[in-house]
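# Inside the fold
Each chain, letter by letter, is given below.
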Amino acid sequence: MASLRCIRELSRRATTVLSINQTRSICYLPAIEVSGTSISHGTVISNRSLTRDLPCDEGEESSEGEDEDDEDYEDSADTEVEREYSPAEKVEEAAEIGYKVMGPLKPSERLFKPYEPVFAIVQIGSHQFKVSNGDSIFTEKLKFCDINDKLVLTKVLLLGSASQTIIGRPILPDATVHAVVEEHALDEKVLIFKKKRRKNYRRTRGHRQELTKLRITDIQGIEKPEPKIVYKPSKEAVTEQSKAELVA
Amino acid sequence: MALRGVWQLQKLVVSYCNWGGSSRGIRAFMESELPALKQKNPQLEVVTELSRGQHPYLKGIYRNRNERVVCVKNMDPEQVLLNATRLRNSLGRKVVKRRTRHVTKHPSVQGTWTTAVKF
């Protein structure tokens, strides 16, 4: 980096000197010099890409993965970068992961309905889940929501019921899945043990992942079958449908 | 931590010593951050206990009669707050490793596929 800067300075000075002389053949020399160096890989790289290389080599990569530009780390011991998010930023980042915070749950609201035979495939971050009413899901820790918060999961890839299936390309814009945050907790400790035999190398490390438990309350965007009073309505509807298919 | 809207942590016991150096952090926590925690969680019963000559700890008592004890000796007030928030954020369940990240009672809506099913 420093050597390239020196070469650039020299080349700039050389070009100014040569422009005074106004000879064509000598003007090509600085270009050849710059391209010949091994650092630039044969082409002159812009400053932005060069500066981006350095922090990646020197600093640790944050586990959260929120870096858009180079970031200055406050504590070298912390792997997470603590940023102050403005409310607009929070909403934007949450929307990118695939959910939206609606607000806290009021004690008078009755959100938890009995089971409906409708499912949806929902994406949160990089993980996809097949959810139904009343299921619980463990996802990576969601930053901007507290316990007893209502969420709307916006990335819905597929909706299905006993009679109908709606496939998104890749997402369904009108479908929503409502969920409630149940807990933010740590997973069980996993031991990471590294050993190289006959090389006197042995390392033990513990890791607890931070998870969020969501309970799915409602799926919207598809026609739901009317609730029957008969026990196990979903099984009956399914057998009827499969029989109809076989007949057809 | 709230199961179907019901808060699971019922009582938080903050036990400290007023003489020992390991309780310095928790004493500072009690002055600076504990009132804010109490205000944010009106459903939580916070009790401070003095136990002289012992190391400080935070004890969380949950609805399923489970007690989680976290030793906070020689910790900064911010770390004590983090531990208290973690106790408040979790259900009282025993932490076990799960095989799946999806817990459901009705795994199939359209019928489980078998080799006999024909579309």
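Everything below is about the structure shown above.
Residues numbered from 1 in each chain as written. Chains lettered and ligands numbered in written order. Predicted model: local features only at pLDDT ≥ 70, side-chain atom pairs only at ≥ 80, totals over all residues. Heavy atoms only, no water.

### Some details on helix H3 (residues 77-89) of chain B
The following threshold applies: Runs of H or I in DSSP of at least four residues are treated as helices and runs of E of at least two as strands, each being numbered from the N terminus. Every helix has an expected span of 1.5 Å times one less than the residues it contains. Throughout this description, buried means an accessible area under 20% of the type-specific maximum (1.4 Å probe, protein chains only), exposed means over 50%, and partly exposed covers the range between.
With 13 residues, H3 of chain B should reach 18 Å at 1.5 Å per residue; the first-to-last C-alpha distance of 18 Å fits that figure. Every buried residue of H3 of chain B is accounted for by Pro77, Val80, Asn83, Ala84, Leu87, Arg88 and Asn89 of chain B.

### Thoughts on the sheet that holds strand S6 (residues 156-161) of chain A
All names here are of chain A. The cut-off we apply is this: One requirement defines pairing of two strands: DSSP has to find at least two bridges between them. Working convention: axes come from line fits to C-alpha atoms, limited for helices to the stretch in contact. Angles between N-to-C directions cover 0 to 180 degrees.
Strands sit in the order S3-S2-S6-S7 across an open sheet of four strands; the sheet is antiparallel. In this open sheet, the two strands that pair with only one neighbour each are strand S3 (127-132) and strand S7 (165-167). Strand-to-strand twist in this sheet, taken as the mean axis angle between neighbours without regard to direction, amounts to 15°. Across six bridges, the pairing between strand S2 (residues 118-124) and S3 is antiparallel. Each residue of the ladder has a partner; that of alanine 120, found in S3, is valine 131.

### A look at the interface of chain A and chain B
Selection rule: Note on contacts: a residue pair is in contact if any heavy atoms of the two residues lie within 4.5 Å. Simply put, the buried area is the total loss of 1.4 Å probe accessible area from both parts when two parts are fitted together. One side-chain nitrogen of Lys or Arg within 4 Å of one carboxyl oxygen of Asp or Glu is enough to make a salt bridge. Counted as a polar contact is a pair of N or O atoms within 3.5 Å, where, for protein atoms, one must be capable of donating a hydrogen and the other of accepting one, and residues adjacent in sequence contribute only when both atoms are in side chains.
The partner chain B presents 28 residues to the 41 residues of chain A that form the contact. Here chain A meets chain B over a buried area of about 2,900 Å², counting both sides, of which 50% is carbon and sulfur. It is Tyr115, Phe138 and Glu188 of chain A in chain A that bury the most area against chain B; as a group they hold 18% of the surface buried on that side. Taken together, the links from chain A to chain B amount to four salt bridges. Between aspartate 146 of chain A and arginine 88 of chain B there is a salt bridge, with its nearest N and O atoms 3.2 Å apart. Our count for the contact surface shared by chain A and chain B stands at 15 residue pairs in polar contact (both at pLDDT 80 or more). Going through the elements one at a time, S2, S3, strand S4 (136-140), S6, strand S8 (176-186), strand S11 (210-220) and helix H5 (233-247) of chain A are the ones with two or more residues in the side of chain A that touches chain B. Relative to strand S7 (residues 102-103) of chain B, S4 of chain A runs antiparallel, the two sharing two bridges.

### Notes on the environment of asparagine 89 of chain B
All names here are of chain B. Topologically, asparagine 89 is positioned in helix H3. Take asparagine 89: its relative accessible area is 10%, and that puts it in the buried class. Separated by 82 residues in the primary sequence, asparagine 89 and tryptophan 7 place their C-alpha atoms 9.4 Å from one another.

### Some points on the sheet that holds strand S3 (residues 9-16) of chain B
Residues and elements named next belong to chain B. Spatially, the four strands line up as an open sheet ordered S4-S3-S5-S6, and their pairing is mixed. Looking at which strands have only one partner, the edges of the open sheet turn out to be strand S4 (45-50) and strand S6 (67-71). The average angle at which neighbouring strand axes cross in this sheet is 15°, direction not considered. As paired elements, S3 and strand S5 (residues 57-62) share six bridges and run antiparallel to each other. Paired with leucine 9 across the strands is tyrosine 62, a residue of S5.

### Remarks on the nonpolar core
Note that soluble globular proteins tend to have their nonpolar side chains buried in a common cluster. Rules: Throughout this description, the term nonpolar core refers to a set of buried Ala, Val, Leu, Ile, Met, Phe, Trp, Tyr and Cys residues connected via side-chain atoms within 4.5 Å.
In terms of nonpolar packing, the biggest core is built from 22 residues, with Val131, Val156, Leu159 and Val177 of chain A touching the most fellow members. Of all the secondary structure elements, the ones that give two or more residues to this core are S2, S3, strand S5 (149-153), S6, S8 and S11 of chain A. With four residues, the single largest contributor to this core is S2 of chain A. Those residues in contact with leucine 159 of chain A that sit more than four places away from it in its chain are Phe119, Ala120, Gln164, Thr165, Ile166, Leu172, Ala175, Ile219, Gln220, Gly221 and Ile222 of chain A. Ranked by size, the runner-up nonpolar core spans 18 residues in total, among them Phe29, Val70, Ala84 and Leu87 of chain B.

### Section: a nonpolar patch on the surface
Residue and element names in this part refer to chain B. Here is the rule we go by: Patch definition: residues above 30% relative accessible area lacking any salt bridge, with like charges linked at up to 9 Å and the nonpolar side chains Val, Leu, Ile, Met, Phe, Trp and Tyr linked at up to 5 Å. All accessible areas in this document rest on Shrake-Rupley with a 1.4 Å probe, and a residue is counted as covered only by the protein chains that are shown.
Judged by side-chain polarity, Trp113, Val117 and Phe119 come together as a nonpolar surface patch covering roughly 420 Å² of accessible area. Along the chain, tryptophan 113 turns up in the segment after S7. Since its relative accessible area comes to 57%, tryptophan 113 is described here as exposed.

### Overview of a positive patch on the surface
Residues and elements named next belong to chain A. The line we're drawing: We score Asp and Glu as negative and Lys and Arg as positive, and we do not count His or the chain ends. In plain terms, the charge of a residue is placed at NZ if it is Lys, CZ if Arg, CG if Asp and CD if Glu.
Residues Lys194, Lys196, Arg203 and Arg205 make up a contiguous surface patch of positive charge. Elements that contribute at least two residues to the positive patch include exactly strand S9 (190-196) and strand S10 (201-207). Note on placement: arginine 203 falls in strand S10. Arginine 203 sits in the partly exposed class, given a relative accessible area of 46%.

### Looking at the side chain of glutamate 182 of chain A
Its location among the elements puts glutamate 182 of chain A in strand S8. Residue classification places glutamate 182 of chain A among the buried positions, given a relative accessible area of 1%. Separated by 2.6 Å, the side chains of glutamate 182 of chain A and arginine 215 of chain A make a polar contact. Among the polar contacts made by the side chain of glutamate 182 of chain A, one reaches the main-chain amide nitrogen of arginine 4 of chain B at a distance of 3.3 Å.

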